[in-house]
Amino acid sequence: MKQLSTKVTSNGHGQDSSYFLGWEEYEKNPYDEIKNPNGMIQMGLAENQLCFDLIESWLAKNPDAASLKRNGQSIFKELALFQDYHGMPEFKKAMAEFMEEIRGNRVTFNPKKIVLAAGSTSANETLMFCLAEPGDAFLLPTPYYPGFDRDLKWRTGAEIVPIHCSSSNGFQITESALQQAYQQAHKLGLKVKGVLVTNPSNPLGTALTRRELNLLVDFITSKNIHLISDEIYSGTMFGFEQFISVMDVLKDKKLENTDVTKRVHVVYSLSKDLGLPGFRVGAIYSNDDMIVSAATKMSSFGLVSSQTQYLLSALLSDKKFTSQYLEENQKRLKSRQKRLVSGLESAGITCLRSNAGLFCWVDMRHLLDTNTFEAELDLWKKIVYNVKLNISPGSSCHCTEPGWFRVCFANMSEDTLDLALKRLKTFVESTDCGRMISRSSHERLKSLRKKTVSNWVFRVSWSDRVPDER
Amino acid sequence: MGLPLMINNDDNNNNKVELSRVAVSDTHGEDSPYFAGWKAYDENPYDESHNPSGVIQMGLAENQVSFDLLESYLEKKNPEGSLWESKGSRGFRENALFQDYHGLKNFRQAMASFMEKIRGGKARFDPDRIVLTAGATAANELLTFILANPNDALLVPTPYYPGFDRDLRWRTGVRIVPIHCDSSNHFQITPEALEAAYKTARDANIRVRGVLITNPSNPLGATVQKKVLEDLLDFCVRKNIHLVSDEIYSGSVFHASEFTSVAEIVENIDDVSVKERVHIVYSLSKDLGLPGFRVGTIYSYNDNVVRTARRMSSFTLVSSQTQHMLASMLSDEEFTEKYIRINRERLRRRYETIVEGLKKEGVECLKGNAGLFCWMNLGFLLNTNTKEGELELWDVILKELKLNISPGSSCHCSEFGWFRVCFANMSEKTLKIALKRIHEFMDRRRKVLNC
C-alpha cells in the first residue's frame, strides 16, 4: 500500500478539535429565520457582517473597481497577466495607509516592507517557515485562536509552548508567565525562536495594554528572539481607548532602527475589519529585509488574486470611505457587544470586559458541574445539541481554566442575536444551577460586577494612559 | 510600571538570532540565469514604439493570444459591470464571506466540466475530487507535502520547468532525482531511464515517493505518448509509488487528438489501488492566460489525498471574487468549446511561424505539438559542448540579439545547446521582429564563417 506523508496521518490539521466539530454540527442544521427557525445558531464564527452596506454602496458608486476597468477602459489583460509576487504597488500603498489610519497615523508603514499573502492563515505560516526550524518553538499566550495549532505547526514542524494566562488578572500576560513558558520550552528541549501574540486578542476580545506590550518588547530584547504581533482585529477596537500596536511601543521606546525592531513582525488581514475573508487578503510587515525577501518569494505559494488587489486598492485608497468605514464599524461593533453583554447578564452570565474583536469571552464557570474540562465539554454539548447554539469552548483555545467560552456577535442579525440570548436564558433558568443562579443572581452579579470593575481598574492603572488622552 | 527585565549578557545577545534554514537557503532558485535574463528584460524592455531595440521577452510562458475572446465574453455577461448584480449571481456579501476550503460548488463544477472539454470527453472529472489552490505553483507544493516527507524524493524527467526546484523542494525538504531524457528519442521517458533514476535514489538511501511529469511538457512543448504514460503507471505500480501529472498546458495542444491525459488511462481502470496513486494538477494560467487570478487545482483519485489537500488548501485559497467571476464562463459549454478550439488554432499558427522562421536560418526545433514555446537546438553554435558554452551563447543572444530565452541547463537538460523560446506572450509583429534579429545574427555569422 503506497503511503502518504506523516502530515496526512498526523492530527496537525486540527480538525478533530471541538472547534471544528461544532461547525460540522451547524452545517447539518443551520438556523434560518424562515426556513429553519429551530436550527442551530452559529456563534462560533468570528465574522464581521455589520458593515457590508457601506462597502456595497461604495461599489455601486465605483463600478470600475469590480469590473476590471480603469477610467471606463478595460484593464482585463493587465490584471490577468499580473502575477508579480511583489504585489501591486498601489495596493500595498493603500494597505500601508489603511494600517496607519487604524493606528491613528501615529506610526508609518513602508509599503516596500509589506508582503502580501492569501489571508493571515498564509501569512502566519510563511513567517513560521522563515523564523523557525522544525522543532523550534514559539511562545503563545493562552487562550489562543485554535487555528494556530494548524497554521503555525502543521507543515512547518514548529512547536507552540503556551504562556499561561489566568482570569485572576483578566488573562493578561505577566512576566512570570513569560519566563515560565521560556523555561518550559527549555525543559522540553525546544529552542525558542519567538513569541506570537494576537492583538487585539482572539478569543479574549481585549487589546493588549501598554504594560503588556512593553513587557513583551523587553522580553524579546533580553532573549534575543522574535515577536510576531497578529493585529488582524486592529480595526475592530471599539473601546474608549485607542488601539496600541507593538509599532507604537517601538516608536515610544525609541527603538526604531535598532536590532529589536528587526525582530518585530506584524501580521494583518482584511478578513475581520472589512469582513472579506473570501477574498484572501493577508499581509506580513517586517523591518528585516531578509525576511521581507524570503517571505516575498514564498508568497508565490499564496498570491492574492490581481483582480482582488485591484478592487481593494481602489476601495482603500478612498480616504473618505476608509475613515467613514472605520468609525461606523467601531460604533456598530460596540453596540452589538453591549447587546450581547446585557443579554448574557440577564441570564446571570458575565464576560471578560472587552474593548475589541467580534466576540466576547464568556464566563460560564458557575454552570459547570465540576471545575473540570470534562464538565466544560458536557456543558458545551448541552449548549450545542439542546440549546442549538454553536459557541467555542475555552479548551479548544487551550485555556487553562475550564468554563470559559468564546461567543461571537457580529456574524448575525440583531434579531438572531436576541433569539440566541433568549434560548440561552431559558436554558440557564431551566437547569438546576440555573434556578439557583437566578435566585442569587442579583447577589452574584453584584460581586461579579465588582470583580470586573477591579479588573478594569487594574488594566487602566497599568497603562501609561493619561486621563484625557483619547 | 513593574520591574525592568534583567538584560542577560548571554552569548545570545551578541549573535543575530538566526532565520530558518529555509529562509536563508537559495533553493528558491532565484540566483539562476533563468531569472537573470528576466532582470535584463526588466531593465530594458522592448516596446514597439518607445523602445524598439529593447530586450524582447521570450522567456515567459504566457498566453496572450486569446484575451479578446475572454474579454468579449465577460463584457457581454456583465455589461453593467457589477460582478454581483447579474441575474442568478450571489450577492456581494455572501461572496465576500465565502472562505470554505471546499470552494464554490458551481466553480468546481465549472472546472471539472472545462477539464472534460479539453480532453474531448475522453475522461470524466468528479467536482468533489477537485481541490482549489492559488495557482499550480501552490498545487504542486501542496501535493509534495502530502505525498512525501523531508528527504524523500520525487523523480522528474529532464528537461523540466526550473520553478520545480523551488515548488517541490524549498519548504517541503523533498528532493528531486532527475530521469534523464535525451534527443535520441525526442526526449521521451524510457523504462531504462526510469529504472536508472530509481536506482540512483535507492543507492543514496533516498526513499522515492513518486514520479512527477508535465504533460504536455514544459519546456519541450510536446505531449507525452500514450504508451509512455502506460509504462509510467506500470512503473509506479511496481514500485508502489505515486504518479503526478501536471497538465497545465493540456488546453494548449494544437490538435486535440494528440493529447492523452493520464485521466483517460485511469478511466478504464477499476483497480482502486492503481487509481489511488494518480493525481493531476491543472491551472487556468496557461490555457486561459490568467496567471494573475491564481487559479489552480489538484485532482486526485485518492480520497485521503483529496481530504488532506482540501484542508491544506486553507493556506492557499482562490479568491471567492475570482471563483465567482469565472464560474459561469467556464461552465458555458458554447463558450468553452469555441475558446478551446480557437485558442488551439492560434497557438498552432504561432508555433508554425516561429519554427518555419527558424528553419530558414538553419535552426531546428524539437517537433512540438503543444504549449506556448518551442524547444530550439543551437548546439551547432556552441564554442564548447558544455554548460559554460551554452551560457556563453545565451549571454550573446541576450546582449547582442536582445532576446531573453531560457537556456536548457536551467531546465536541467543533460544535453547542451537547447533553448526554450516562448512565442505566445507577444504580438505577431514582435515575434517577426525577434525572428528578424535572429536572421540578422545568423547572416552576420554566415558572412564571418565564409571569409
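Residues numbered from 1 in each chain as written. Chains lettered and ligands numbered in written order. Predicted model: local features only at pLDDT ≥ 70, side-chain atom pairs only at ≥ 80, totals over all residues. Heavy atoms only, no water.

A. A look at the UniProt feature "domain: Aminotransferase class I/classII large" (unreviewed entry) in chain A. UniProt records the feature "domain: Aminotransferase class I/classII large" (unreviewed entry) at residues 41–424 of chain A, using the numbering of this structure. Helix and strand shares over residues 41–424 of chain A are 43% and 15% respectively, and the end C-alpha atoms of the span are 11 Å apart. (UniProt positions renumbered as here; feature names shortened; annotations may be inferred. Helix = DSSP H or I, 4+ residues; strand = E, 2+ residues; numbered from the N terminus.)

B. How the structure looks around the nonpolar core. Counting residues in hydrophobic clusters, the biggest one holds 204 residues, and the most contacted among them are A:Leu139, A:Val195, A:Leu270, B:Val211 and B:Phe293. For A:Val195, the contacting residues outside a window of four places in its chain are A:Phe138, A:Leu139, A:Ile163, A:Leu216, A:Phe219, A:Ile220, A:Ile225, A:His226, A:Leu227 and A:Ile228. Grouped together as the second largest cluster of nonpolar side chains are 101 residues, B:Trp170, B:Met312, B:Leu358 and B:Met426 included. (Core = buried A, V, L, I, M, F, W, Y, C linked by side-chain atoms within 4.5 Å. Buried < 20%, exposed > 50% of the residue type's maximum accessible area, 1.4 Å probe, protein only. Contact = heavy atoms within 4.5 Å.)

C. The layout of surface pockets, seen in detail. Considered as a void within the structure, the second largest pocket measures approximately 1,500 Å³ in volume. What lines the second largest pocket is a set of 50 residues, and nearest its centre among them are A:Gln83, B:Trp38, B:Gln57, B:Leu60 and B:Glu62. When residues of the lining of the second largest pocket are traced back to their parent elements, those giving at least two are helix 5 (76–81) of chain A together with helix 2 (33–43), strand 1 (56–57), helix 6 (136–147) and helix 7 (164–167) of chain B. Among the elements that line the lining of the second largest pocket, the one with the most residues is helix 2 of chain B, at 6 residues. When its residues are assigned to classes, the lining of the second largest pocket shows 20 nonpolar, 17 polar and 13 charged. (1 Å grid on protein atoms, 1.4 Å probe; cavity = no way out; pocket = protein on both sides within 12 Å on 5 of 7 lines; lining within 4 Å. Points joined across faces, edges and corners; volume = space filled by probe spheres on them. Nonpolar A, V, L, I, M, F, W, Y, C, P; charged D, E, K, R; others polar.)

D. A look at the confidence of the model for chain B. All names here are of chain B. Per-residue confidence for chain B gives a mean pLDDT of 91, with 92% of residues at or over 70. Segment residues 1–15 is flagged for pLDDT under 50; beyond a separation of four residues in sequence, or across chains, it makes 22 contacts in the model. The ipTM assigned to the predicted complex is 0.92, against a pTM of 0.92. (pLDDT = per-residue confidence, 0-100.)

E. Spotlight on the interface of chain B and chain A. Taken residue by residue, the interface counts 81 residues in chain B and 82 residues in chain A. Summing the contributions of chain B and of chain A, the shared interface buries around 7,500 Å²; its carbon and sulfur component is 58%. Between the two partners, chain B and chain A, sit 2 salt bridges. Between A:Glu56 and B:Arg93 there is a salt bridge, with its nearest N and O atoms 2.9 Å apart. Between the two partners, chain B and chain A, sit 18 residue pairs in polar contact (both at pLDDT 80 or more). Elements represented by at least two residues in the side of chain B that touches chain A include exactly helix 1 (21–24), helix 3 (67–77), helix 4 (92–97), helix 6, helix 7, helix 12 (303–312) and helix 13 (320–331) of chain B. No other element matches helix 6 of chain B, which puts 7 residues into the side of chain B that touches chain A. Of the residues that constitute the side of chain B that touches chain A, the class distribution is 37 nonpolar, 26 polar and 18 charged. (Buried area = accessible area lost by both parts, 1.4 Å probe. Salt bridge = Lys/Arg side-chain N within 4 Å of Asp/Glu carboxyl O. Polar contact = N/O pair within 3.5 Å; in protein donor to acceptor, adjacent residues only side chain to side chain.)

F. Up close: the environment of A:Ser168. Residues and elements named next belong to chain A. Along the chain, Ser168 turns up in the loop between strand 6 (159–163) and helix 9 (175–187). In this structure Ser168 comes out as exposed when scored by relative accessible area, which is 60%. For the pair Ser168 and Gly394, spaced 226 residues apart in sequence, the C-alpha to C-alpha distance is 16 Å. At a separation of 2.6 Å, a polar atom in the side chain of Ser168 contacts the side chain of Ser166.

G. Summary view of the domain arrangement of chain B. Residue and element names in this part refer to chain B. Splitting chain B by domain gives domain 1 (33–67 + 336–445) and domain 2 (97–332). One C-alpha centre belongs to domain 1, the other to domain 2, and the line joining them spans 26 Å. Across the boundary between the two partners, domain 1 contributes 31 residues, which contact 41 residues of domain 2. For the pairing of domain 1 and domain 2, the buried interface totals around 3,200 Å² over both sides, and the portion due to carbon and sulfur atoms is 60%. Contact with domain 2 buries surface across domain 1, with Thr336, Arg344 and Asn369 losing the most and accounting together for 23% of the total. Across the contact surface, domain 1 and domain 2 share 0 salt bridges. Counting across the domain 1 and domain 2 interface gives 20 residue pairs in polar contact (both at pLDDT 80 or more). Mapped onto the side of domain 1 that touches domain 2, the elements with two or more residues apiece are helix 14 (333–360), strand 10 (373–377) and strand 13 (418–422). Residue contributions to the side of domain 1 that touches domain 2 peak at 9 residues, all from helix 14. For the side of domain 1 that touches domain 2, a count of residues per class yields 16 nonpolar, 9 polar and 6 charged. (Domains from an automatic or database assignment.)

H. Seen up close, the pairing of strand 6 of chain A. Residue and element names in this part refer to chain A. Pairing analysis gives 5 bridges linking strand 5 (residues 137–141) to strand 6, with the strands arranged parallel. Its bridge partner lying in strand 6, Pro141 is registered against Ile163. Viewed along the sheet, the connection from strand 5 through helix 8 (residues 147–153) into strand 6 turns out right-handed. (Pairing = 2+ DSSP bridges. Right-handed = clockwise from strand over helix to strand, strands pointing away.)

I. Inspection of the environment of B:Tyr301 at higher detail. All names here are of chain B. Here Tyr301 lies in the loop between strand 8 (296–300) and helix 12. Between the C-alpha atoms of Tyr301 and Ile342, which are 41 residues apart in sequence, the distance is 31 Å. Contact partners of Tyr301, with chain neighbours within four places excluded, come to Arg129, Ala263, Val266, Lys275, Glu276, Val278 and Ile280.

J. Highlighting the sheet that holds strand 15 (residues 404–408) of chain A. Residues and elements named next belong to chain A. A sheet is described by the order of its strands in space; here 4 strands give the open sequence 11-12-15-14, paired in antiparallel fashion. Each of the sheet's edge strands pairs with one partner strand only, and the pair in question is strand 11 (350–351) and strand 14 (392–393). Here strand 11 pairs with strand 12 (residues 359–363) via 2 bridges, running antiparallel. Looking at strand 12, one finds that Cys351 is bridged to Val362. On the sheet, helix 16 (residues 373–386) packs against strand 14 and strand 15 and is oriented at approximately 30 degrees with respect to strand 15. (Axes fitted to C-alpha atoms, helices over the stretch in contact; angles between N-to-C directions.)

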